[in-house]
Amino acid sequence: MEAVGDRDGKVVLDIREVSGKSRSTVSESGDIPMVSLKRAIERIGGSVDLAKVDCEGAEWLLFEDRDT
């Protein structure tokens, strides 16, 4: 299990009672490994036609990497 983000690293997941309010925060002390979107796409063959993304508040960071 890994989070997908704008870079490789770790995250902490702040789980709230209402699932739509849960958030992830990038933190080197996090307990959840995070892989970059680019690396995740490479793992599945290098291309994606359609992606539905729900990254607990981190969705917009994924699209800042213009090489993805």
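Provided above is the structure to which this section pertains.
The model shown is predicted, which means the values in this text are computed figures rather than measured ones.

Criteria and cut-off values
Residues numbered from 1 in each chain as written. Predicted model: local features only at pLDDT ≥ 70, side-chain atom pairs only at ≥ 80, totals over all residues. Heavy atoms only, no water. Pairing = 2+ DSSP bridges. Helix = DSSP H or I, 4+ residues; strand = E, 2+ residues; numbered from the N terminus. Buried < 20%, exposed > 50% of the residue type's maximum accessible area, 1.4 Å probe, protein only. Contact = heavy atoms within 4.5 Å.

**Details of the pairing of strand β4 (residues 32–36)**
Strand direction decides the pairing type here: strand β1 (residues 3–5) and β4, joined by 3 bridges, are parallel. Residue pairing for β4: Val4 is matched across the bridge by Val35. For strand β2 (residues 9–14) and β4, the ladder comprises 3 bridges, and the chain directions are antiparallel. Across the sheet, Lys10 pairs through a bridge with Pro33, a residue of β4.

**Let's talk about the side chain of Ser36**
Within the element layout of this structure, Ser36 appears in strand β4. Since its relative accessible area comes to 12%, Ser36 is described here as buried. Those residues in contact with Ser36 that lie beyond four places of it in its chain are Val4, Gly5, Asp6, Arg7 and Asp8.

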